[in-house]
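Remarks on the overall topology
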Amino acid sequence: MTERGRGRLAVTTMFARIGVMRALNRHFVPEFNPKGKETALRPAQAEERSMSVFVYVNTAKQIGDVEHLKIFETEDAAKDWLDENDPEGVAFEYEVLGSATGSREAAD
């Protein structure tokens, strides 16, 4: 893989991670916490919400191409994008494993 190919793969991976993190935190409402030690999102609240993302794969593009994967945080966002860009395309819903408040090791 060339230097340019590795760079594109890194950028695509970064955008995928950003999309997943935005989807994970889409219902998060920051609260003022005067103690500063407690989290604004309590574990019970984190367990109540289901977390999923909608993934579209453009098979005409190579892995690592910026246009290869699209990740949407809502079904409406996926439908709007598909209507405009690929009317015959499909975005599949995937459950996000782990929790927004958990550590990375807990999700692995």
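A brief report on the enclosed structure follows. Note that the coordinates shown come from a computational prediction; the quantities given were computed from them, not determined experimentally.

Calculation notes
- Residues numbered from 1 in each chain as written.
- Predicted model: local features only at pLDDT ≥ 70, side-chain atom pairs only at ≥ 80, totals over all residues.
- Heavy atoms only, no water.
- Helix = DSSP H or I, 4+ residues; strand = E, 2+ residues; numbered from the N terminus.
- Polar contact = N/O pair within 3.5 Å; in protein donor to acceptor, adjacent residues only side chain to side chain.
- Contact = heavy atoms within 4.5 Å.
- Salt bridge = Lys/Arg side-chain N within 4 Å of Asp/Glu carboxyl O.
- Pairing = 2+ DSSP bridges.
- Axes fitted to C-alpha atoms, helices over the stretch in contact; angles between N-to-C directions.
- Patch = residues over 30% accessible without salt bridge, like charges linked within 9 Å, V, L, I, M, F, W, Y side chains within 5 Å.
- Areas by Shrake-Rupley, 256 points an atom, 1.4 Å probe, with all protein chains shown as cover.
- Lys, Arg positive; Asp, Glu negative; His and termini not counted.
- Charge placed at Lys NZ, Arg CZ, Asp CG, Glu CD.

A separate point is the side chain of lysine 70. Inspection of the secondary structure puts lysine 70 in strand β2 (residues 69-72). Here the side chain of lysine 70 touches glutamate 67 through a polar contact of 3.5 Å, side chain to side chain. If near-sequence neighbours (up to four positions away) are discounted, lysine 70 is found in contact with Phe54, Val55, Tyr56 and Trp81.

Moving on: the pattern of salt bridges. Counting across every chain of the model gives two salt bridges. A salt bridge links glutamate 67 to lysine 70; the nearest nitrogen and oxygen atoms lie 3.5 Å apart. The closest approach of N and O atoms between glutamate 75 and lysine 79, which form a salt bridge, is 3.5 Å. Within this pair, glutamate 75 and its partner lysine 79 are both found in helix α3 (residues 75-85), separated by four residues, close to a single helical turn.

Pairing in this open sheet of three strands is antiparallel, and the strands run β2-β1-β3 from one edge to the other. The sheet terminates laterally at β2 and β3 (92-95), the two strands that pair on one side only. With direction set aside, neighbouring strand axes in the sheet form an average angle of 35°. Where strand β1 (residues 52-57) meets β3, four bridges bridge the pair, whose relative direction is antiparallel. Along β3, the bridge assignment pairs valine 55 with phenylalanine 92.

The next point concerns a negative patch on the surface. A cluster of like negative charges, contributed by Asp76, Asp80, Asp83 and Glu84, occupies part of the molecular surface. Here aspartate 80 shows up in helix α3.

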